[in-house]
2 protein chains.
Amino acid sequence: MNVDATDHSERPLRADARRNRERILAAARTVFARQGGDAQIDDVARAAGVGVGTVYRHFPHKDALIGELVSQKFRGFADNAERALEVEDPWEAFAGLLRTNAEFCAGDVGVQQALARGPAAWQYAAAELDRLRDTTRRLIERAQKAGVMRADFAVEDIPMLMCGLSSTMGVPGYDWRRHLEIMISGLRAAP
Amino acid sequence: MNVDATDHSERPLRADARRNRERILAAARTVFARQGGDAQIDDVARAAGVGVGTVYRHFPHKDALIGELVSQKFRGFADNAERALEVEDPWEAFAGLLRTNAEFCAGDVGVQQALARGPAAWQYAAAELDRLRDTTRRLIERAQKAGVMRADFAVEDIPMLMCGLSSTMGVPGYDWRRHLEIMISGLRAAP
DNA sequence: GACGATACGGAACCGTGGCTCCGGTTGTCA
DNA sequence: TGACAACCGGAGCCACGGTTCCGTATCGTC
């Protein structure tokens, strides 16, 4: 399966094509954020002021479109993680990252839901995911070495944790931040 | 919408009908457990050795079938909660219930996923849900009064917590029990 | 054992939504 | 400015899956 919809090997996109591509992505963000992962391509196209055909010209199928959004999102996560490495306090660096990324998630629950639905979209973000994982691992090791985090916690737990969290973000009127704080408290080293 | 598919007001089901109803439910449990919420009615029918028409005779639509499964599941949750009230130690009573019900969930992730998907199925379990909520509230108050649970935790957090947890149960090879223990630690009263 | 009520089976219907196709338009380069 | 390649739009195609319909089989009662 072609994982990269952008196809950098070709000559640069024509001006109108690039413009439309951006419009489509922006529209997709909005539409998925509002309607969740089962929003229709037609809706995205309409919101972008573009025909369905144009959407499919840029993204061979729905997953590719969602994949691109997911990828962008993970790029953000990974960037945040790298910034967190510069925070002095090992615990604050880690907990802060969780909070920041959670907040970053909450912006568009739609993408999160879409992501939770099918694993197909994940592969598009593989590279960013690796970067995020590596950085986070370092944050965790640092905190554990400092003795402020429970020793049995591992990077693999993060996706689960965020997955759980994000599934609660969709519930209207629920304060997911409390849920997050509960989990964060659970991560502190037992005395 | 008709919430009760069993329709107790009518005369008892004919012997073959009752038999088929049970078969369908059993098959549905298996099929949904294996394939998740988007398993098809046709699959359920085939697994039950029955025609689709028969499934629809007993359950007016897919949601009603899922609803019945969900309802049964919640009856189990609520029963467990009532048993937990008899445990002496307030903390163990509560934490134990979480563990028990989580384990009970893990049995058929399919139903959990189906449940997480659409809110339509929830209404079928409304009565059991109320019973579960009331009992759990008492467990929480007891633990908080004893000073062993953080004071800002509320019954409303439980569904979120379980929702998050169940969304990780579907991931093959992941130890969701660790996730649960992390959350449980997060609930203990801060010293 | 006969008869009416009840239940069964599964082919077919139909709405939905992803995706394609092609005639028309627009950007780019000489 | 002309010509061609790249791109656009959206009607329509098609597969999928929930639901219906009705001729046939089975149950329970007299």
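The shown structure was predicted, so the numbers you read here are calculated from the model rather than taken from an experiment.

The rules we used
- Residues numbered from 1 in each chain as written.
- Chains lettered and ligands numbered in written order.
- Predicted model: local features only at pLDDT ≥ 70, side-chain atom pairs only at ≥ 80, totals over all residues.
- Helix = DSSP H or I, 4+ residues; strand = E, 2+ residues; numbered from the N terminus.
- Buried ≥ 20, exposed ≤ 12 C-beta atoms within 10 Å, placed from the backbone.
- Contact = placed C-beta atoms within 7 Å.
- Core = buried A, V, L, I, M, F, W, Y, C linked by C-beta atoms within 7 Å.
- Near = placed C-beta within 6 Å.
- Nonpolar A, V, L, I, M, F, W, Y, C, P; charged D, E, K, R; others polar.
- Least-squares fit on C-alpha atoms with pLDDT ≥ 70 in both.
- pLDDT = per-residue confidence, 0-100.
- Axes fitted to C-alpha atoms, helices over the stretch in contact; angles between N-to-C directions.
- Parallel < 35°, antiparallel > 145°, perpendicular 65-115°, else oblique.
- Left-handed = near helix turned anticlockwise from the far one by under 90°.

Here's the deal with the overall build of chain A
- Helix and strand counts for chain A come out as 9 helices and 0 strands.
- Moving toward the C terminus, one meets the helices and strands of chain A in the order α-α-α-α-α-α-α-α-α.
- Split into buried and exposed, the 191 residues of chain A put 37% on the buried side.
- Here the analysis covers contacts within chain A between residues at least 6 apart in sequence; of these, 69% occur between residues at least 24 apart.

Points about the nonpolar core
- Counting residues in hydrophobic clusters, the biggest one holds 97 residues, and the most contacted among them are Val44(A), Val70(A), Val44(B) and Val70(B).
- Ignoring any residue separated from it by four or fewer positions in sequence, one finds Val44(B) in contact with Ile24(B), Ala27(B), Ala28(B), Val31(B), Ala39(B) and Val55(B).

Some points on the protein's contact with DNA strand C
- Near DNA strand C lie 21 residues; those nearest to it are Ala15(A), His61(A), Asn20(B), Gly51(B) and Gly53(B).
- Elements supplying a minimum of two residues to the surface near DNA strand C: helix 1 (15-35) and helix 3 (52-58) of chain A together with helix 1 (15-35) and helix 3 (52-58) of chain B.
- With 4 residues, helix 3 of chain B is the single largest residue contributor to the surface near DNA strand C.
- Partitioned by chemical class, the residues of the surface near DNA strand C number 8 nonpolar, 7 polar and 6 charged.

Some details on the interface of chain B and chain A
- Of the residues lining the interface, 19 residues belong to chain B; the matching set on chain A comes to 20 residues.
- Counting only elements with at least two residues in the side of chain B that touches chain A, the list comes to helix 8 (157-169) and helix 9 (176-187) of chain B.
- Of the residues forming the side of chain B that touches chain A, the biggest block, 8 residues, is contributed by helix 8 of chain B.
- For the side of chain B that touches chain A, the residue count by class is 10 nonpolar, 6 polar and 3 charged.

Some details on the relation of the copies chain B and chain A
- Mapping chain B onto chain A leaves a residual RMSD of 0.1 Å; the transformation is a rotation of 180° accompanied by 0.0 Å of translation along its axis. Here the symmetry operator amounts to a two-fold rotation axis.
- Both copies contact each other with a shared surface, as 100% of the interface residues of chain B are interface residues in chain A too.

A word on the protein's contact with DNA strand D
- Residues in contact with DNA strand D amount to 21 residues; listed here are only the nearest, Gly51(A), Gly53(A), Thr54(A), Ala15(B) and His61(B).
- Secondary structure elements with two or more residues in the surface near DNA strand D: helix 1 and helix 3 of chain A together with helix 1 and helix 3 of chain B.
- Considering every element that reaches the surface near DNA strand D, the biggest residue donor is helix 3 of chain A, with 4 residues.
- Here the surface near DNA strand D is built from residues that sort into 8 nonpolar, 7 polar and 6 charged.

Observations regarding the confidence of the model for chain A
- Across chain A, the average pLDDT comes to 88, with 92% of residues at 70 or higher.
- Throughout residues 1-9 of chain A the model reports pLDDT below 50, and contacts reaching past four residues in sequence, or to other chains, amount to 8 contacts.

Details of the environment of Leu13(B)
Residue and element names in this part refer to chain B.
- Tracing the sequence through the fold places Leu-13 in the segment before helix 1.
- Overall, the presence of 14 C-beta atoms within 10 Å leaves Leu-13 in the partly exposed class.
- When the C-alpha positions of Leu-13 and Thr-54 are compared, they lie 13 Å apart, and in sequence the two are 41 residues distant.

Comments concerning the packing of helix 5 (residues 90-107) of chain A against helix 7 (residues 126-145) of chain A
Residues and elements named next belong to chain A.
- Across the interface, helix 5 lies against helix 7 with an axial gap of 8 Å and an inter-helix angle of 140°. Here helix 5 lies oblique to helix 7, going by the angle between them. Where helix 5 crosses over helix 7, the two elements pack in a sense that is left-handed. Across the interface between the two elements, Pro-90, Trp-91, Ala-93, Phe-94 and Leu-97 of helix 5 pack against Leu-139, Ile-140, Arg-142 and Ala-143 of helix 7.
- Looking at the contact of helix 5 with helix 7, its residues break down into 8 nonpolar, no polar and 1 charged.

Here we look at the environment of Phe77(B)
Residue and element names in this part refer to chain B.
- Within the element layout of this structure, Phe-77 appears in helix 4 (residues 62-84).
- Overall, Phe-77 belongs to the buried group, with 22 C-beta atoms counted inside 10 Å.
- In this structure, the C-alpha to C-alpha distance between Phe-77 and Arg-34, residues 43 residues apart in sequence, is 21 Å.
- Those residues in contact with Phe-77 that sit more than four places away from it in its chain are Asn-101, Phe-104 and Leu-132.

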